[in-house]
Amino acid sequence: MAGRRRSLGRQFGWLWAAYGVSTVGTMLAFDAFPLIAILVLHAGPAAVSALAAAGLAVGTVLAVPLGPWVEFRAKRPVMVTMDLIRFAAVLSIPAAFALGLLGFAQLLVVSVVVGVADIAFRAASGAHLKALVAPEDLLIANGRFESTSWTATMIGPPLGGFAIGAFGPVTTVTADAVSYLLSALGIRAIGGKEAPPPPRSGTSARLRRGELLEGWRHILTHASLRPLLFNSILVNGLIMTTAPLLATLMLGSLGFAPWQYGLAFGAPCIGGLIGSRLARRLVVRFGQRRVLLASGALRACWVPWLALVGPGPGGLVLVVTVELGLITSCGIFNPVFATYRLEQTGTDRVARMLSAWTVTSKATIALLTALGGVLAGLTGPRTAIVVAGVLMLATPLLLPRTARTPTHDAVPAVVAD
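Heads up: these notes are all about the structure in this document. (Residues numbered from 1 in each chain as written. Predicted model: local features only at pLDDT ≥ 70, side-chain atom pairs only at ≥ 80, totals over all residues. Heavy atoms only, no water.)

Overview of the pattern of salt bridges
Taken as a whole and assessed by the stated rule, the structure comprises 6 salt bridges. Its salt-bridge partner being R86, residue D83 comes within 2.7 Å of it at the nearest N-O pair. Note that D83 and R86 are positioned in helix α5 (residues 75-98) at a spacing of 3 residues, about one turn of the helix. Summarising the burial analysis for this pair, D83 and R86 share the class buried. The shortest N-O distance in the salt bridge between D348 and R349 comes to 3.9 Å. According to the relative accessible area criterion, R349 is partly exposed, its value standing at 27%. (Salt bridge = Lys/Arg side-chain N within 4 Å of Asp/Glu carboxyl O. Helix = DSSP H or I, 4+ residues; strand = E, 2+ residues; numbered from the N terminus. Buried < 20%, exposed > 50% of the residue type's maximum accessible area, 1.4 Å probe, protein only.)

Details of empty space enclosed by the protein
On inspection of all chains with the given rule, the structure shows 1 cavity of 30 Å³ or more. Size it by volume and the largest cavity reaches roughly 50 Å³. The set of elements that each furnish at least two residues to the lining of the largest cavity consists of α4 (66-71), α9 (205-220) and α15 (350-379). If you tally residues by element for the lining of the largest cavity, the top one is α9, at 4 residues. (1 Å grid on protein atoms, 1.4 Å probe; cavity = no way out; pocket = protein on both sides within 12 Å on 5 of 7 lines; lining within 4 Å. Points joined across faces, edges and corners; volume = space filled by probe spheres on them.)

Some details on the packing of helix α1 (residues 10-28) against helix α6 (residues 104-132)
The contact between α1 and α6 brings their axes to 11 Å, and the two run at 160 degrees. Between α1 and α6, the crossing angle belongs to the class labelled roughly antiparallel. Here the hand of the crossing between α1 and α6 comes out left-handed. In contact with Q11, F12 and L15 of α1, α6 contributes H128, L129 and L132. Residue composition of the contact of α1 with α6, by class: 4 nonpolar, 2 polar and no charged. (Axes fitted to C-alpha atoms, helices over the stretch in contact; angles between N-to-C directions. Parallel < 35°, antiparallel > 145°, perpendicular 65-115°, else oblique. Left-handed = near helix turned anticlockwise from the far one by under 90°. Contact = heavy atoms within 4.5 Å. Nonpolar A, V, L, I, M, F, W, Y, C, P; charged D, E, K, R; others polar.)

Quick look at a nonpolar patch on the surface
Side chains of L84, V178, L181, L182 and L185 sit close together on the surface and give an oily, nonpolar patch of about 390 Å² of accessible area. Examining the composition of the nonpolar patch, we find that 4 residues originate from one element, helix α8 (residues 171-188), more than from any other. Position of L84 among the secondary structure elements: in helix α5. What makes L84 partly exposed here is its relative accessible area of 39%. (Patch = residues over 30% accessible without salt bridge, like charges linked within 9 Å, V, L, I, M, F, W, Y side chains within 5 Å. Areas by Shrake-Rupley, 256 points an atom, 1.4 Å probe, with all protein chains shown as cover.)

Concerning the packing of aromatic side chains
As enumerated under the stated definition, the model contains 5 aromatic pairs in all. Arranged with centres 5.5 Å apart and planes meeting at 10 degrees, the rings of F333 and F337 form a pair that is stacked. With a gap of 4 residues between them, F333 and F337 both fall in helix α14 (residues 312-343), about one helical turn apart. What makes F333 buried here is its relative accessible area of 1%. Ring pairs connect the aromatic residues F12, W16, Y19 and F145, which therefore count as one cluster. Cation over ring: R299 sits above F333, and NZ or CZ is 3.8 Å from the ring centre. Just above the ring of W357 sits the side chain of R341; from NZ or CZ to the centre is 4.9 Å. (Phe/Tyr/Trp six-rings, centres within 6.5 Å; stacked < 30°, edge-to-face > 60°. Lys NZ or Arg CZ within 6 Å of the ring centre and 35° of its normal.)

Focus on the side chain of H222
Along the chain, H222 falls in the loop between α9 and α10 (225-251). Among the polar contacts made by the side chain of H222, one reaches the side chain of Q344 at a distance of 3.1 Å. (Polar contact = N/O pair within 3.5 Å; in protein donor to acceptor, adjacent residues only side chain to side chain.)

Overview of the nonpolar core
Counting residues in each nonpolar core, the largest one holds 55 residues, and the members touching the most others are F12, L129, L228 and W357. Looking at which element gives the most residues to this core, the answer is α6, with 11 residues. With 19 residues, the next largest nonpolar core counts A43, V90, V170 and V173 among its residues. (Core = buried A, V, L, I, M, F, W, Y, C linked by side-chain atoms within 4.5 Å.)

Purely geometric stuff here, so don't read any function into it on its own.
Dropping the structure here:
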C-alpha cells in the first residue's frame, strides 16, 4: 500500500525497540553525572570537567581491545551482557545515594565502565544489524534509528530536568539504569538462530595483535572510509567543542535563562527527525554518493554563525535557526553514512571497524574539547567558536569523491524463525 511504513520483520522490531528504550533512558539522564557532582557532591568546575574528560579518555583506552573480542563472539549475548553491565553500574549510583555513600570516585568509575560498555555494545549492534536486515533495507533501518535518536534528544532532556526538579537528583539515573535492563530483555526477545561468529585465522599472540589493529587497518586502507573517518571525527569533535563554549557564552555574559538555553538546543532536534525521514527518499532520487557529499558539506556551513549570537530574542532565534540547519543536515547525513560504512565492510570485520571508529571518535572529541577550552581561556569563547567554525568549513574537503561497490557476504549470519 502506498505510503505505508515498510516492515523489516519482527526481529528488527525488537532490536529497534531495545535501541529506543535505552536511548530514551540515556537522554532522560543527559548530563546527570555533572548535575549529581554539582548538586549532591558540591564539586567545583575543575572536578566536573575532570569527570567528563577522564571518563571519556580512560573508557576509550580500555575499549581498544574490545573490537576483536566482540568480532569473534555471537553478537546478541555481547549486547545483553553490555546492557546488564551498564544496568548494574548505573544503578549503583542511586543505591549509594540512598545509603549516603555516594562519592566522586564512584561517579568516575561508573562513567568509565559505561563508556567501555557503550563502545562494545555499538560494535556488536552494528555487526548484528548488518546480518539482521537485507542489504537494501540497511538505509531504512539506520534512518529509523536516527529518527529515534533525535526524538529522544528532543523530549528526553526537558523531561529529565523536570524529573530532577520534582523527584530529586538521582531520578533520571535510576530511569537510565532500568532502560538498560529493558533493552537487554528486548534483545533477548529477538529470537531466531544466530549463526556462529566468523572464525579466527589463528591463535598466536602475533595474530591476536594483528586482530587488535584490523579495524583501523581496514579503515585506513579503504579509499572511501579513510577520508570519511577523518571527516566524521573532525566534524563531531568540532561540534562537541562548541557546546560548552556556547553554554558559557549564553548562560554567562549574554544572560540567557537555563530554560532558554534548553529550548535553543531542544527545539531544533525536530530537524534531525525530518532529515532522517528524508534520507532514503533523497538517496532514491539523487543517489547515495551525491546525498553523502551534499549533506556532508552542508553540515559544515552552520557553526561559524554561532559566534554572532547576541542577547535577547534575536540571539535565541539565531541559535535555534543555526542548530536547526545543522541538525537537519546531520539527520540526512548520518543514516546514509552509517549505511555506507556497513556496506563497505565484510561481516567478518564489522565489529572491529565500528570499535576502532568509535574509539578514534571519542578520543578526538576529548582532545578537541580540551583544546577548545584552553583557547577559550586565552581568547574568550566567541573567538574559540570562530576558530572551530572556520575549521568546520574545511571538513568537506575530506569527503570521498567516489563510491565503491558495496561488500556483500555470501552467507547470512542470522537465520530467521
